[in-house]
Amino acid sequence: MELALEQARQALRLDEVPIGAVLVKNDRVIASGYNLRETNQDPTDHAEIITLRAAAHRLESWRLEDTRLYVTLEPCAMCAGAIIQARIPELIFGACDPKAGAVGSLYNLVQDERLNHQVKVRQGVLKQDCSQLLKDFFQELRIQKDG
């Protein structure tokens, strides 16, 4: 999760919402990414999607089996769907997202037994660090907006 936090800090340096992701296979980092929605003006440029695309390219397969995805914030519905489609077996995330989270907060897409793939989930890893990075970012945005 520390590596995912490093990715989130990269996003922060670009004035992006600081969310980072890292995909690991056999204890080796396969791919990583961070939010680039503002930079690229692309609504799909979430940390998870960027990471999954890079991993699929590197592994030359859309099936990302035998991997673990670390994300600093609970994935949204789009990212949860991509995680299912990529057949990722394990997801570890830091902070919950009560406004858009689709891995337990609003929905639990990745463990829906009606779908053809379910994901093992562990949440709350480095929760305070992940949460604080986001809180500080949005607090600064509010100050800039009001100032």
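Here's what I pulled together on the structure shown here. (Residues numbered from 1 in each chain as written. Predicted model: local features only at pLDDT ≥ 70, side-chain atom pairs only at ≥ 80, totals over all residues. Heavy atoms only, no water.)

A word on helix α1 (residues 2-13)
Consideration 1: Counted at 1.5 Å a residue, the expected span for α1 with its 12 residues is 16 Å, and the 17 Å between its end C-alpha atoms agrees.
Consideration 2: Regarding α1, the residues found buried are A4, L5, Q7, A8 and A11. Seen along its axis, α1 keeps its buried residues to an arc of 155 degrees; they face one direction.
Consideration 3: Tucked into the core, α1 has its buried residues touching β1 (20-25), β2 (28-34), β3 (67-73) and α5 (127-146).
Consideration 4: D15 lies just past α1 and shows a positive phi near 60 degrees. (Helix = DSSP H or I, 4+ residues; strand = E, 2+ residues; numbered from the N terminus. Expected span 1.5 Å × (residues − 1). Buried < 20%, exposed > 50% of the residue type's maximum accessible area, 1.4 Å probe, protein only. Arc of directions from axis to C-beta. Contact = heavy atoms within 4.5 Å.)

Topic: the pattern of salt bridges
Consideration 1: Counted according to the given criterion, the structure contains 3 salt bridges.
Consideration 2: In this structure, D45 engages R53 in a salt bridge whose closest nitrogen and oxygen atoms are separated by 3.4 Å.
Consideration 3: Look at D45 and you get buried, because its relative accessible area is 7%.
Consideration 4: R53 sits in the partly exposed class, given a relative accessible area of 46%. (Salt bridge = Lys/Arg side-chain N within 4 Å of Asp/Glu carboxyl O.)

Let's talk about the sheet that holds β3
Consideration 1: Ordered in space as β2-β1-β3-β4-β5, the 5 strands form an open sheet in which the pairing is mixed. Edge positions in the sheet fall to β2 and β5 (120-123), since each of these pairs with one other strand and no more. Each neighbouring strand pair of the sheet contributes to a mean axis angle of 15 degrees, computed without reference to strand direction.
Consideration 2: Bridge analysis of β1 against β3 gives 5 bridges, and the strand direction is antiparallel. Bridge assignment links V24 to a residue of β3, and that residue is R68. (Pairing = 2+ DSSP bridges. Axes fitted to C-alpha atoms, helices over the stretch in contact; angles between N-to-C directions.)

Observations concerning unusual backbone geometry
Consideration 1: Even without being a glycine, R87 presents a positive backbone phi close to 65 degrees.
Consideration 2: Inspection of the secondary structure assignment puts R87 in the loop between α4 (77-85) and β4 (90-95).
Consideration 3: Located in the positive-phi region is L126, a residue other than glycine, with phi close to 55 degrees.
Consideration 4: Turning to its location among the elements, L126 is positioned in the loop between β5 and α5.
Consideration 5: The class for L126 is partly exposed, based on a relative accessible area of 30%.

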